[in-house]
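What follows is each chain in one-letter form.
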Amino acid sequence: MFVVHLIASFFSKLQEDPTKMVDRFLYAMHLHDNQLSDISARFQAEMKKGLSVESNATAAVKMLPTHVRSTPDGSEKGQFLVLDLGGSRFKVLQVKVREGMGMKRGGVEMVEKSYPVPKELHIGRGTELLDHVTESLKDFLHEKNISLEKKHPLAFTFSFPCEQSTLNQGLLLNWSKDFRARGLLGKDVVQALRGAIDRNGGMDVEVLAMVNDTVATMMSCGFDDQYCEIGLIVGTGTNACYMEELRHVDLVEGDEGRMCVNTEWGGFGDDGALEDYITEFDRDVDSASNNPGKQILEKMVSGLYLGELVRLVVLKMAKLRLLFNGHLTDALRTKGTITTEHVAAMEEYKNGLKNTRNILMDLDLTPTSDDCVAVQHVSTIVSFRSSNLVAAGLAAILTRIKQNRNLSTLRITVGVDGTVYKMHPRYPQRLHKVVWRLLPECHVRFVLSDSGSSKGAALVSAVAQRQASRRLQVDTTLSPFRLSQEQLQMVKTRMRMGLEAGLKSKGPSAIKMLPSFVYRTPDGTEHGKYLAFDLGATNFRASLVNFEQGLQQNSRLHHKIYPIPLEIMQGSGEELFDLIAQCVSDFLDYMGMKNARLPACFVFSFPCEQTAIDTGTLVSWTKGFKATDCEGHDVVSMLREAIKKRYEFDVDIAAVVNDTMATMMSCVYEDPLCEIGLIAGTGTNVCYMEELKNIEKNGKNTGKMCINTEWGGLGDDGSLDDIITPYDIEVDQNSLHPEKQRFEKLTSGMYLGEVVRRVLMDLTRGGLLFRGHVTDALKTPGIFQMKYLSQIESDRLAPLQVRSALQQLGLDSTYDDSIIVKEVCGAVSRRAAQLCGAGMAAVVDKIRENRGLEHLNITVGVDGTLYKLHPHFSDILQETARVLAPQCNMTFLTSEEGSGRGAALITAVARQKLEM
């Protein structure tokens with residue numbers, strides 16, 4: 001008693017200022033910004049713990065995946081039934097969503113009816129609760145004259161913590177608020193609901209989705225605001241959800257895109273994380289609840305408990321004679337006699353004190369004016385603490401989103417619902433101000449949800465339907481690019497048939513199989529200085545290679561690159577070779593070697609018929625070249641003539657080879673087992689060492705010769721028509737060489753980007769991308785270069801960065817667009833790699849059979865930007881080749897400085913042969 005009188009005496013000095021007295025009494029409920037930042041940091045740590053598969057089981061904040069992967073984009077449509085269970089009332093609704101009417105254009109019509117849920121069902125058997133739900137549904141269908149014969153898609157808003165493995169399945173983890181129905185914990189609530197529907201009979205209902213009310217709120221607001229990616233409930237209970245990067249959600253497979261995570265933040269503090277912020281009144285509320293030790297944050301914040309917190313504070317102050325002159329009543333001692341509605345009424349702007357007096361008088365109290373001011377201030381502090389704690393949690397979520405997306409500022413909308421937020425006159429303003437103060441760099445807009453949990457649940461189903469339809473259409477579009485093992489085996493077989501046909505001297509062949517007159521690979525004795533001139537893509541490259549002491553020592557290489565303008569590539573042959581001669585002249589000047597007559601190799605990466613190593617008649621241009629008066633002419637003679645016209649220098653052109661052969665020779669320098677060269681870049685081609693006895697064009701029976709396959713022509717005879725897509729046909733018909741190099745147009749960097757662009761155009765016209773808007777950029781042929789495919793498919797590139805890459809192309813994409821674009825790029829490039837792998841399998845199996853071997857060990861020298869720079873191409877190619885040629889052990893060796901060093905080696909080998 002002495003202590004009580006001492007406290008009463010202390011506070012009696014402050015009676016002239018009742019608000020100050022309350023401030024002193026409830027000092028522990030005053031949370032300053034540094035404390036809120038501390039709470040926010042603690043919550044961030046709990047979020048991380050809940051997202052991790054290692055720590056989720058023990059996490060107080062469960063961070064439950066919802067399998068909601070997208071917010072509305074305005075194209076949703078359909079008619080849905082909705083059951084809404086979990087708050088202070090149960091509702092059945094019919095929701096109609098009209099296509100194209102979102103994003104602030106209306107378009108959602110709802111008919112609803114509320115049904116009471118008797119208290120005994122809250123704590124009775126779960127089957128009885130769900131039977132009541134389905135009986136109410138049937139009553140609603142009858143009353144609204146909704147056909148019972150028709151199948152109805154249904155969304156179920158279930159506002160309790162559930163672990164979901166799909167959108168329409170959820171295991172109940174625990175009850176919250178005042179529910180604790182028996183027999184449902186750990187059970188699939190959707191399955192239990194289906195059972196109740198079947199028991200009730202007479203309804204054909206398909207449960208498409210089960211969502212938390214928080215998720216539904218976010219979706220409801222997202223229908224009108226594309227920036228809405230957070231849902232918040234402050235009502236009977238409290239919770240928040242947000243769109244998390246899928247790569248951080250360990251409990252769900254995959255790392256592309258986003259998924260809405262239901263934080264279930266009401267459990268924050270269950271593990272003691274809020275221990276130093278919990279007051280004696282919080283402990284009293286918790287101990288008297290249905291679930292002591294659980295949902296600690298919810299008991300400090302939500303509408304089910306705020307009124308009780310105020311009552312306990314007022315009761316304690318009255319016992320200390322700080323209020324009502326120490327007078328107590330049975331009503332004041334009774335749990336639940338002060339509600340959250342009373343708290344809101346006490347804080348009304350004009351009538352707050354009057355309402356406070358009436359509420360206290362209803363409790364059989366006779367308050368003075370100071371009593372009313374003090375009790376009103378108690379209410380203010382309790383509700384203000386609630387909004388502060390909610391603000392701290394929101395600050396944690398906003399910070400995480402900002403960090404996930406690597407942004408310095410964040411523009412975002414929070415969709416909000418709940419009776420506390422809606423009914424309390426000061427709560428929203430307090431919450432907003434604290435959030436803005438804690439995170440000034442975030443531009444946060446708060447939008448009040450209109451029938452959020454119901455409308456939003458229907459929108460979840462509508463989005464799921466849209467995504468399923470979109471997924472089906474995208475899959476249908478991309479399915480021709482996804483080759484089966486049988487199709488790849490077929491490509492291998494046809495490649496093999498093409499190789500065999502090309503080796504025969506009679507009859508045309510799509511695969512040319514051109515003899516190179518390179519009979520052997522280097523043996524290590526090559527030495528001296530050699531020039532190499534390389535024409536293949538959009539550049540001409542001149543190199544000087546010095547082999548000082550043979551292959552055992554490193555060679556020294558100097559080179560210079562010269563661009564070839566498009567008008568020269570497609571002009572006259574004389575202009576092209578004059579430019580090459582000019583580049584050679586400049587290079588020799590650059591090296592100070594204009595007076596030296598060095599042997600040179602002309603690396604000419606186009607199909608040539610050769611009768612000797614230093615002659616080559618151009619069969620046809622490929623890639624982007626179309627210079628006139630070249631096809632059917634010896635390109636070595638044309639280069640010699642262009643050099644001769646300058647009267648400045650002379651070079652000894654000792655060999656003309658394909659870049660594929662130069663690559664193979666370069667890799668022999670590193671690995672003597674290298675007998676295959678592969679180019680996978682702007683174009684594609686393969687060469688390999690073939691037995692002379694198999695080359696009917698040759699006439700010799702012993703030894704080997706490098707064959708330039710020119711495998712890019714596979715399919716020119718129609719042999720690939722059954723895997724060629726309409727997009728490939730469009731690319732071919734709009735190319736410089738229609739109906740030529742069909743395999744190359746499926747596999748090389750020059751064409752893959754254009755195939756992707758045409759697929760994206762088709763998807764956009766179908767309304768599946770870029771909101772159906774076909775931009776001028778998307779209409780531009782050639783704009784989607786190979787570098788964009790490599791960039792977009794990078795594992796390190798998040799969808800937000802993919803969107804940035806697309807913006808460089810003038811394409812304003814959504815988050816979901818970026819996922820589809822990445823998938824399109826992946827399908828096109830994967831097919832290209834698989835086709836090259838199937839072709840390689842044909843080559844290595846042929847070499848193995850040529851030599852009568854059960855197993856073959858061989859090295860493939862590889863060059864080309866597609867192989868080197870694309871993040872997945874090389875791995876897919878190698879894996880495909882190994883699966884299709886299991887008896888061949890292939891080592892893939894990337895060529896460095898391949899065309900220069902390899903061409904020099906070919907020249908050196910040719911020179912040695914002449915000297916022998």
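It should be emphasised that the depicted structure is a prediction, and the values quoted were computed from it without experimental measurement. (Residues numbered from 1 in each chain as written. Predicted model: local features only at pLDDT ≥ 70, side-chain atom pairs only at ≥ 80, totals over all residues. Heavy atoms only, no water.)

**Overview of the overall build of the protein chain**
Part 1 of the argument: The secondary structure content of the protein chain amounts to 31 helices and 26 strands.
Part 2 of the argument: What you see for the protein chain is a C-alpha radius of gyration of 38 Å, clearly larger than the 29 Å of a compact globule of 916 residues, by over 25%.
Part 3 of the argument: Along the first, second and third principal axes, the C-alpha atoms of the protein chain reach 120 × 65 × 50 Å.
Part 4 of the argument: Every one of the 916 residues in the protein chain was classed for burial, and the buried ones make up 60%. (Helix = DSSP H or I, 4+ residues; strand = E, 2+ residues; numbered from the N terminus. Rg over C-alpha atoms; globule rule 2.2 N^0.38 Å. Buried < 20%, exposed > 50% of the residue type's maximum accessible area, 1.4 Å probe, protein only.)

**Notes on the sheet that holds strand β13 (residues 442–448)**
Sheet strands line up and pair through hydrogen bonds in the backbone, either parallel or antiparallel.
Part 1 of the argument: With mixed pairing, the six strands of this open sheet are ordered in space as β1-β11-β10-β9-β12-β13. Each edge of the open sheet carries a strand with a single partner, namely β1 (64–65) and β13.
Part 2 of the argument: Two strands pair when backbone bridges link them, and β1 and strand β11 (residues 258–262) are joined in this way by two bridges, in the antiparallel orientation. Within β11, the position partnered with Pro65 by the bridge is Val261.
Part 3 of the argument: In the packing of helix α14 (residues 369–404) onto the sheet, the strands contacted are β9 (228–234), β10 (238–245), β12 (410–417) and β13, and the crossing angle to β10 comes to about 5 degrees. (Pairing = 2+ DSSP bridges. Contact = heavy atoms within 4.5 Å. Axes fitted to C-alpha atoms, helices over the stretch in contact; angles between N-to-C directions.)

**As for the sheet that holds strand β2 (residues 78–85)**
Part 1 of the argument: Spatial ordering of the open sheet is given by β4-β3-β2-β5-β8, a layout of five strands whose pairing is mixed. Two strands bound the open sheet, and with one partner strand each, they are β4 (108–115) and β8 (205–211). Across the sheet, the mean angle from the axis of one strand to that of its neighbour is 20 degrees, orientation sign disregarded.
Part 2 of the argument: By the bridge criterion, six bridges tie strand β5 (residues 152–158) to β8 in an arrangement that is parallel. Counted as the bridge partner of Phe156 is Met210 from β8.
Part 3 of the argument: Across the sheet, helix α5 (residues 126–143) lies against β2, β3 (90–97), β4, β5 and β8, angled at about 125 degrees from β4, the strand it touches most.

**A closer look at the pairing of strand β18 (residues 599–604)**
Part 1 of the argument: Here β18 lies mainly inside the structure; six of its six residues are buried.
Part 2 of the argument: Neither face of β18 is exposed, since Pro599, Cys601 and Val603 on one face and Ala600, Phe602 and Phe604 on the opposite face are all buried.
Part 3 of the argument: In this structure, β18 lies alongside strand β21 (residues 652–657), joined through five bridges in parallel fashion. Across the sheet, Pro599 pairs through a bridge with Asp652, a residue of β21.

**Things to note about empty space enclosed by the protein**
Part 1 of the argument: All chains considered together, the criterion is met by four cavities of 30 Å³ or more.
Part 2 of the argument: In this structure, the largest cavity encloses a volume near 80 Å³.
Part 3 of the argument: Lining the largest cavity are 15 residues, with Ser159, Lys177, Thr238, Asn239 and Glu298 sitting closest to its centre.
Part 4 of the argument: Every element with two or more residues in the lining of the largest cavity is listed here: α7 (213–222) and β10.
Part 5 of the argument: Along the lines of polarity and charge, the residues of the lining of the largest cavity split into three nonpolar, eight polar and four charged. (1 Å grid on protein atoms, 1.4 Å probe; cavity = no way out; pocket = protein on both sides within 12 Å on 5 of 7 lines; lining within 4 Å. Points joined across faces, edges and corners; volume = space filled by probe spheres on them. Nonpolar A, V, L, I, M, F, W, Y, C, P; charged D, E, K, R; others polar.)

**Quick notes on α7**
Part 1 of the argument: Of all 10 residues making up α7, 10 are buried, and the element is well covered by its neighbours.
Part 2 of the argument: Those residues of α7 that sit buried are Asp213, Thr214, Val215, Ala216, Thr217, Met218, Met219, Ser220, Cys221 and Gly222.

**A word on the side chain of Ser379**
Part 1 of the argument: Assignment of secondary structure puts Ser379 in helix α14.
Part 2 of the argument: What makes Ser379 buried here is its relative accessible area of 0%.

**Quick word on the pattern of salt bridges**
Where charged atoms of side chains with opposite charge meet at close range, the side chains can pair.
Part 1 of the argument: Counted according to the given criterion, the structure contains 58 salt bridges.
Part 2 of the argument: Its salt-bridge partner being Lys594, residue Glu648 comes within 2.6 Å of it at the nearest N-O pair. Linking Glu648 in the loop between α21 (635–646) and β21 with Lys594 in the loop between α20 (573–591) and β18, this pair joins segments that are 54 residues apart in sequence.
Part 3 of the argument: Note on Glu648: relative accessible area 33%, which makes it partly exposed. (Salt bridge = Lys/Arg side-chain N within 4 Å of Asp/Glu carboxyl O.)

**As for the nonpolar core**
Part 1 of the argument: Counting 90 residues, the largest nonpolar core has Leu232 and Leu394 as its most contacted members.
Part 2 of the argument: Ranked by the residues each element gives to this core, the list is headed by α14, at 16 residues.
Part 3 of the argument: Those residues within four positions of Leu394 in sequence are excluded, and the remaining contacts are Ile230, Leu232, Trp265, Val414, Leu431, Val435 and Phe446.
Part 4 of the argument: Membership of the second largest hydrophobic core comes to 85 residues, among which are Ile707, Val755, Leu789 and Leu866. (Core = buried A, V, L, I, M, F, W, Y, C linked by side-chain atoms within 4.5 Å.)

**Notes on the packing of helix α3 (residues 33–51) against helix α16 (residues 427–438)**
Part 1 of the argument: Relative orientation of the contacting elements α3 and α16 amounts to 80 degrees, with a least axis distance of 11 Å. If you check the angle between α3 and α16, you find them roughly perpendicular. Counted together, Asp33, Leu36 and Ser37 of α3 and Val434, Arg437 and Leu438 of α16 form the full contact between these two elements.
Part 2 of the argument: The class makeup of the residues in the contact of α3 with α16 is three nonpolar, one polar and two charged. (Parallel < 35°, antiparallel > 145°, perpendicular 65-115°, else oblique.)

**Some points on the confidence of the model for the protein chain**
Part 1 of the argument: For the protein chain, per-residue confidence averages 89 on the pLDDT scale, and residues scoring 70 or more make up 94% of the total.
Part 2 of the argument: By mean pLDDT, the top-scoring element of the protein chain is helix α30 (residues 873–884) (97), and the lowest-scoring one is helix α1 (residues 2–12) (48).
Part 3 of the argument: Considering only residues more than four positions removed or in separate chains, one finds that residues 1–6, a stretch of pLDDT under 50, has two contacts.
Part 4 of the argument: For residues 101–105, every residue scores under 50 in pLDDT, and the model assigns this stretch 17 contacts once sequence neighbours within four places are set aside. (pLDDT = per-residue confidence, 0-100.)

**Observations regarding the environment of Leu360**
Part 1 of the argument: Within the secondary structure, Leu360 is located in helix α13 (residues 352–362).
Part 2 of the argument: Taking relative accessible area as the criterion, Leu360 reaches 1% and is therefore assigned buried.
Part 3 of the argument: On a C-alpha basis, the gap between Leu360 and Asp33 in space is 33 Å, while along the polypeptide they are 327 residues apart.
Part 4 of the argument: Ignoring sequence-local partners within four residues, the contact set of Leu360 consists of Phe324, Leu365, Pro367, Cys372 and Val375.

**Thoughts on the packing of aromatic side chains**
Each pair of aromatic rings is reported with the distance of its centres and the angle of its planes.
Part 1 of the argument: The final tally for this structure, using the stated rule, is 25 aromatic pairs.
Part 2 of the argument: Between the aromatic rings of Phe158 and Trp175, the centroid separation amounts to 5.9 Å while the plane-to-plane angle is 65 degrees, which identifies the pairing as edge-to-face. With Phe158 in strand β5 and Trp175 in the loop between β7 (169–172) and α6 (189–200), this residue pair connects regions lying 17 residues apart in the sequence.
Part 3 of the argument: Judged by centre distance (4.8 Å) and plane angle (80 degrees), the ring pair of Phe160 and Trp175 falls under edge-to-face. Here the residue Phe160 occupies a position in the loop between β5 and β6 (162–166), and Trp175 occupies one in the loop between β7 and α6, the gap between them amounting to 15 residues. Trp175 matches Phe160 in its accessibility class, with the two residues each being buried.
Part 4 of the argument: In textbook terms, an aromatic cluster arises when at least three aromatic residues are bridged by ring pairs, as seen for Phe577, Phe602, Phe604, Phe606, Trp621 and Phe625.
Part 5 of the argument: Just above the ring of Tyr590 sits the side chain of Lys560; from NZ or CZ to the centre is 4.7 Å. (Phe/Tyr/Trp six-rings, centres within 6.5 Å; stacked < 30°, edge-to-face > 60°. Lys NZ or Arg CZ within 6 Å of the ring centre and 35° of its normal.)

**Thoughts on unusual backbone geometry**
Where the residue is not glycine, phi is negative for most of them; where a peptide bond is considered, it is trans in most cases.
Part 1 of the argument: Phi is positive for Glu710, which is not a glycine, with a value near 50 degrees.
Part 2 of the argument: Mapped onto the secondary structure, Glu710 falls in the loop between β24 (704–708) and α23 (726–733).

**Considerations on the pairing of β11**
Part 1 of the argument: With five of its five residues buried, β11 lies for the most part within the structure.
Part 2 of the argument: Of the two faces of β11, both are covered, the one formed by Arg258, Cys260 and Asn262 as well as the one formed by Met259 and Val261.
Part 3 of the argument: Judged from the five bridges that link them, β10 and β11 form a sheet pairing that is antiparallel. By the bridge assignment, Met243 is partnered in β11 with Cys260.

**Points about the environment of Lys299**
Part 1 of the argument: Assignment of secondary structure puts Lys299 in helix α9 (residues 296–301).
Part 2 of the argument: For Lys299, a relative accessible area of 3% puts it in the buried group.
Part 3 of the argument: A sequence separation of 33 residues divides Lys299 from Gly266, and the C-alpha atoms of the two residues are 7.8 Å apart.

**So, α23**
Side chains that are three or four residues apart share a direction in an α-helix, a result of its 3.6 residues per turn.
Part 1 of the argument: Those residues of α23 not exposed but buried are Tyr727, Asp728, Val731 and Asp732. Viewed along the axis of α23, the buried residues span an arc of 140 degrees, placing them on a single side of the element. (Arc of directions from axis to C-beta.)

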